[in-house]
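Structure at a glance
What follows is the residue order along each chain.
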Amino acid sequence: MKKIAPVIIVAVVAMIGYLDSPQFFEKEQAIVSIPVPADDAETATTETEESAALPEFENRLVDLKEEDGYAVEVYQEYEVYKDEQGNVIERIPTENYHYLRYKE
């Protein structure tokens, strides 16, 4: 058993060295980089147009209270959708709250 342990350790170190080598990354990138057919290129442009409609997030003060000598501000997160001119189309509240506590 004592003779096998160094061989196993050397094999593991060699495998880790190979996986971190540039030759392995070149093989991995060759597998991942697949050309996009022309039909899929059209859907890629529509996805970028839709990404412009992604919401922005903002926090709004919804409550101010006192607890144990501290002032606690409660903020709720909202999804805000805007048009191309920057006008707010829709504001949807989420379930995420943030609390800021100040010592009085």
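Given the structure is predicted, the values throughout are model-derived calculations rather than measurements.

**Some words on the overall build of the protein**
Helix and strand counts for the protein come out as three helices and three strands. For the protein, the N- to C-terminal ordering of α and β elements is α-α-α-β-β-β. Out of the 104 residues belonging to the protein, those deemed buried represent 10%. In the structure as shown, the protein presents an accessible area of about 9100 Å², 58% of it carried by carbon and sulfur atoms.

**Some points on the pairing of strand E2 (residues 70-82)**
The sheet contact formed by strand E1 (residues 56-67) and E2 spans eleven bridges and is antiparallel. Its bridge partner lying in E2, Leu61 is registered against Tyr75. In this structure, the hairpin formed by E1 and E2 is closed by a connection of two residues, where Asp68 is found at a positive phi of approximately 50°. Relative to strand E3 (residues 88-103), E2 runs antiparallel, the two sharing twelve bridges. Paired with Val80 across the bridge in E3 is Arg91. The turn joining E2 and E3, which pair antiparallel and follow one another in sequence, is formed by five residues; a positive phi near 95° is taken by Gly86.

**Quick word on the pattern of salt bridges**
When charged atoms on two side chains of opposite charge get close, those side chains can pair. One pass over the full model with this rule turns up four salt bridges. In this structure, Glu58 engages Arg91 in a salt bridge whose closest nitrogen and oxygen atoms are separated by 3.1 Å. Taken together, the residues span a long stretch of sequence, with Glu58 in strand E1 and Arg91 in strand E3 at a distance of 33 residues. Taking the relative accessible area as the measure of exposure, Glu58 reaches 27% and is therefore partly exposed. Given a relative accessible area of 34%, Arg91 falls into the partly exposed group. What emerges from the salt-bridge pattern is a single network uniting Glu58, Arg60 and Arg91.

**A short note on the sheet that holds E3**
By definition, the strands of a sheet pair up through backbone hydrogen bonds, in either a parallel or an antiparallel sense. The three strands are arranged E1-E2-E3 in an open sheet whose pairing can be described as antiparallel. Of all the strands in the sheet, just E1 and E3 have a single pairing partner and so form its edges. Adjacent strand axes in the sheet meet at a mean angle of 20°, parallel and antiparallel pairs treated alike.

**Structural notes on unusual backbone geometry**
For Asp68, which is not a glycine, the phi torsion comes out positive at approximately 50°. Relative accessible area serves as the criterion here: at 77%, Asp68 is assigned to the exposed category.

The rules behind each value
- Residues numbered from 1 in each chain as written.
- Predicted model: local features only at pLDDT ≥ 70, side-chain atom pairs only at ≥ 80, totals over all residues.
- Heavy atoms only, no water.
- Helix = DSSP H or I, 4+ residues; strand = E, 2+ residues; numbered from the N terminus.
- Buried < 20%, exposed > 50% of the residue type's maximum accessible area, 1.4 Å probe, protein only.
- Areas by Shrake-Rupley, 256 points an atom, 1.4 Å probe, with all protein chains shown as cover.
- Pairing = 2+ DSSP bridges.
- Salt bridge = Lys/Arg side-chain N within 4 Å of Asp/Glu carboxyl O.
- Axes fitted to C-alpha atoms, helices over the stretch in contact; angles between N-to-C directions.

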